[in-house]
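# Results of the structural survey
Residue-level listing of the chains:
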Amino acid sequence: MSFISYVIRGISLGSVYSIIALGYTMVYGIAKMLNFAHGDVIMIGGFIIFTIMSTMGLNPLIAVIVAIILCTLLGITIERIAYKPLRKAPSLAVLITAIGVSYFLQNFALLIFGADTKSFTSVINVPDLKLAGGNLTIAGETLVTIPLCIIIMIALTTFVKKSKTGRGMVAVSEDRDAAILMGVNVNRTIAITFAIGSALAAVASALMFSSYPSLSSASGAMPGIKAFVAAVFGGIGSIPGAMIGGILLGIIEILGRAYISSQLADAIVFFVLILVLLIKPTGILGKQIQEKV
Amino acid sequence: MAMLEVKDLQVYYGVIQAIKGVSFKVNEGEVIALIGANGAGKTTILHTVTGLIPAKTGEVIYEGIDLLKIPAHKIVSHGIAHVPEGRHVFSQLTVYENLLMGAYTRSDKSEIEETIENVYKRFPRLKERKGQYAGTLSGGEQQMLAMGRALMSKPKIVLMDEPSMGLSPILVEEVFDIIESIRKSGTTVLLVEQNAKKALSIADRAYVLETGNIVLEGDAAKLLNDESVKKAYLGE
């Protein structure tokens, strides 16, 4: 019974990773850059929710909505100020800038919210589900996280497949020049991508800190890196890949924690990244990099 | 007045000058051929006209506006479509979705569907394969799709970059028949080709480019019989 409960917890954690991984993978696909500040947007989202709920005492739903709006604006602002001027710069310059933005956000949070770890109050008020005569307990957070993750995936896939903006995104990610010739505004498309990724980061922060309530300026870094591993695992640039990679990574982490060693759980996650890069560098659903002449 | 006039265009790649002061005109209803060897600058000129590459100096006047002053993604809505060298269809989108991308700047859905039907009439193969991913099409079909996609914006002028490249002789004939029919429907064509013989036989006028300069210009029929053109480009 405990195995099943570990797997369910793994899927729940993995759902959060996959929502974060979507931000990485979409930005990579469309702007061809790794936004290492993505994890820190989650941390900022956590502090926004914490401030509104615990300091101002408002309703959790309002807190989450405000966090989504502010994180979306933050994502667009980061892109506009830090990345847009580097559109034609070498990719290494953009990567270093992303790391710089990450440190900036962490230290900004340290300055504003202080160094002490905050205890996040769950935004999810759903009772735990007891199954099999009380032998199997599923947390209320899990009951919300998994369906929400599925809804987000379906909505996002539909948006990308069916809407004009979504088609423009696919076009830009595949062939930027050809997309420009069709009349697609690349800067606007990249800004929309950052907006979507950052809004999802805010949702992820609400879910993640509700299950793992310790919140500090460094809290976004580790889940951010793990979601990046998930994106690479699934095949960076692929939306279903982010989902599969995230969930597998969550299960591996929780099972590793339960059966191997809780200290080594993170090491196991990164070992998986190394294995994936060695065996299938393009990830599970990664596209073959193949030029047809 | 010319529909499209390029005046003293100079383009650099870093410190290397690719286009060294090129001027030419395209009148409405004409098929104009730009011919020349590999590396002469033909593709660079088309890319500069549609804004993918910035120019150092010069003007590209189209219906009274300087195209060099407007952002690349806004050019197609002025009635200029570009069929790029190597087709550049979106392989992860279906044939139908590729055609929709061609109409990206248009908004009336029923009019767009009507244009798609017209494109299907012109290219029946595309209709047969409308649900297929463009990456799975043959080279010839991809060329047809690239041309169909360009027509989706209802252009007044189409720039075509090496449409016959890499195609079998039968398909080359088909491509030139299509260019002929595009002209007949009233659309102006600026054609870049290495297949100089075919290009000159279809064009009204032509310009011969050599390492970034126009070295010859005139009626296509005359150039077809010009001794130096014959020797350098027609392999006779």
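Report follows, based on the coordinates. Every value quoted in this text rests on a predicted model; they were computed, and no experiment measured them.

Helix and strand content of chain A: eleven helices and four strands. Whereas a compact globule of 293 residues would reach a radius of gyration of roughly 19 Å, chain A reaches 19 Å, a difference of no more than 12%. If one aligns the C-alpha atoms of chain A with their principal axes, the spans along those axes are about 60 × 45 × 35 Å. Going through the 293 residues of chain A one by one, you find that 52% of them count as buried. Split by element, the accessible area of chain A, about 13,200 Å² in all, is 69% carbon and sulfur. One way to put it: in chain A the 19 positive side-chain charges average out to a point 8 Å from where the 11 negative ones average out.

So, on to the interface of chain B and chain A. Contact residues are listed per partner, giving 26 residues for chain B and 20 residues for chain A. Of the roughly 2,200 Å² buried between chain B and chain A on both sides combined, carbon and sulfur atoms contribute 59%. Put simply, chain B and chain A have zero salt bridges between them. Counting residues per element, the side of chain B that touches chain A draws most heavily on helix α3 (residues 95–102) of chain B, at four residues. Looking at side-chain class alone, the side of chain B that touches chain A contains 13 nonpolar, ten polar and three charged residues.

Moving on: the sheet that holds strand β10 (residues 213–219) of chain B. All names here are of chain B. With respect to topology, six strands assemble into an open sheet ordered β6-β7-β8-β3-β9-β10, the strand pairing being mixed. Two strands close off the open sheet at either side, each with one partner strand: β6 (80–83) and β10. Mean inter-strand twist for the sheet, computed between neighbouring axes without regard to direction, equals 15°. In this fold helix α7 (residues 169–184) packs onto β3 (31–36), β7 (157–161) and β8 (188–193), with an angle of close to 155° to the strand it touches most, β8. Relative to strand β9 (residues 205–210), helix α10 (residues 227–234) is tilted by about 60°, and along the sheet it contacts β3, β9 and β10.

What follows covers a nonpolar patch on the surface. Residues and elements named next belong to chain A. Side chains of L61, I65, I69, L70, L73 and I76 sit close together on the surface and give an oily, nonpolar patch of about 530 Å² of accessible area. Tracing the backbone shows L70 in helix α3 (residues 60–83). Here L70 falls in the partly exposed class, since its relative accessible area comes to 39%.

Counting buried positions along helix α6 (residues 164–174) of chain A yields eight of eleven residues, so the element is predominantly enclosed. For α6 of chain A, the set of buried residues is G166, R167, G168, M169, V170, A171, V172 and S173 of chain A. Elements in contact with the buried residues of α6 of chain A: α1 (2–31), α5 (140–162), α7 (176–181) and α8 (186–211) of chain A together with α3 of chain B.

Here the focus is the pattern of salt bridges. Scanning the entire structure with this criterion turns up 17 salt bridges over all chains. The partner of R87 of chain A in a salt bridge is E79 of chain A, with the nearest N and O atoms 2.7 Å apart. We classify E79 of chain A as buried; its relative accessible area is 2%. Linking K7 of chain B and E59 of chain B is a salt bridge whose minimum nitrogen-to-oxygen distance equals 3.7 Å. Residue K7 of chain B is located in strand β1 (residues 4–13), and its partner E59 of chain B is located in strand β4 (residues 57–62); the two are separated by 52 residues in the primary sequence. The partly exposed category is assigned to K7 of chain B, whose relative accessible area is 34%. Judged by its relative accessible area of 31%, E59 of chain B is partly exposed. Each member of the salt-bridge network shares a partner with another, and the members are K226, E253, R257 and D266 of chain A.

Residue and element names in this part refer to chain B. Along the chain, the position of E30 falls in the loop between β2 (16–26) and β3. Of the residues examined, E30 reaches a relative accessible area of 12% and is grouped as buried. Engagement of the side chain of E30 in a polar contact is seen with the side chain of R205, the distance being 2.8 Å. Those residues in contact with E30 that lie beyond four places of it in its chain are T188, V189, D204 and R205.

Here the focus is the packing of helix α10 (residues 239–260) of chain A against helix α11 (residues 265–279) of chain A. All names here are of chain A. Where α10 contacts α11, the axes come no closer than 8 Å and their chain directions differ by 135°. Taken as axis vectors, α10 and α11 run oblique relative to one another. Like other packed secondary-structure pairs, α10 and α11 cross with a definite hand, here right-handed. Residue-level inspection shows L249, I252, E253, G256, R257 and I260 of α10 in contact with α11, the latter providing A265, D266, I268, V269 and V272.

This brings us to the packing of aromatic side chains. Evaluated as defined, the whole model comprises ten aromatic pairs over all chains. A ring pair is formed by F120 of chain A and F209 of chain A, whose centres lie 5.5 Å apart and whose planes are at 40°; its orientation type is tilted. Taken together, the residues F120 of chain A in the loop between β1 (118–119) and β2 (129–131) and F209 of chain A in helix α8 connect sequence positions 89 residues apart. For F120 of chain A, a relative accessible area of 5% puts it in the buried group. An aromatic cluster is defined as three or more aromatic residues linked by ring pairs; in this entry it consists of F3, Y6 and Y259 of chain A. The ring of Y104 of chain B has K164 of chain A lying over it, and the distance from NZ or CZ to the ring centre is 5.2 Å.

For an α-helix, the turn length of 3.6 residues means that residues three or four places apart are oriented alike. All names here are of chain B. Along its 14 residues, helix α4 (residues 109–122) runs 20 Å from first to last C-alpha, staying within 8% of the 20 Å computed at 1.5 Å per residue. Along α4, the residues classified as buried are I112, T115, I116, V119 and Y120. In a view along the axis of α4, the buried residues occupy a sector of 145°, so they form one face of it. Across α4 from its buried face, at more than 90 degrees, point the exposed residues S110, E114 and K121.

Here is what the cut-offs are and how they apply
Residues numbered from 1 in each chain as written. Chains lettered and ligands numbered in written order. Predicted model: local features only at pLDDT ≥ 70, side-chain atom pairs only at ≥ 80, totals over all residues. Heavy atoms only, no water. Helix = DSSP H or I, 4+ residues; strand = E, 2+ residues; numbered from the N terminus. Rg over C-alpha atoms; globule rule 2.2 N^0.38 Å. Buried < 20%, exposed > 50% of the residue type's maximum accessible area, 1.4 Å probe, protein only. Areas by Shrake-Rupley, 256 points an atom, 1.4 Å probe, with all protein chains shown as cover. Lys, Arg positive; Asp, Glu negative; His and termini not counted. Charge placed at Lys NZ, Arg CZ, Asp CG, Glu CD. Contact = heavy atoms within 4.5 Å. Buried area = accessible area lost by both parts, 1.4 Å probe. Salt bridge = Lys/Arg side-chain N within 4 Å of Asp/Glu carboxyl O. Nonpolar A, V, L, I, M, F, W, Y, C, P; charged D, E, K, R; others polar. Pairing = 2+ DSSP bridges. Axes fitted to C-alpha atoms, helices over the stretch in contact; angles between N-to-C directions. Patch = residues over 30% accessible without salt bridge, like charges linked within 9 Å, V, L, I, M, F, W, Y side chains within 5 Å. Polar contact = N/O pair within 3.5 Å; in protein donor to acceptor, adjacent residues only side chain to side chain. Parallel < 35°, antiparallel > 145°, perpendicular 65-115°, else oblique. Left-handed = near helix turned anticlockwise from the far one by under 90°. Phe/Tyr/Trp six-rings, centres within 6.5 Å; stacked < 30°, edge-to-face > 60°. Lys NZ or Arg CZ within 6 Å of the ring centre and 35° of its normal. Expected span 1.5 Å × (residues − 1). Arc of directions from axis to C-beta.

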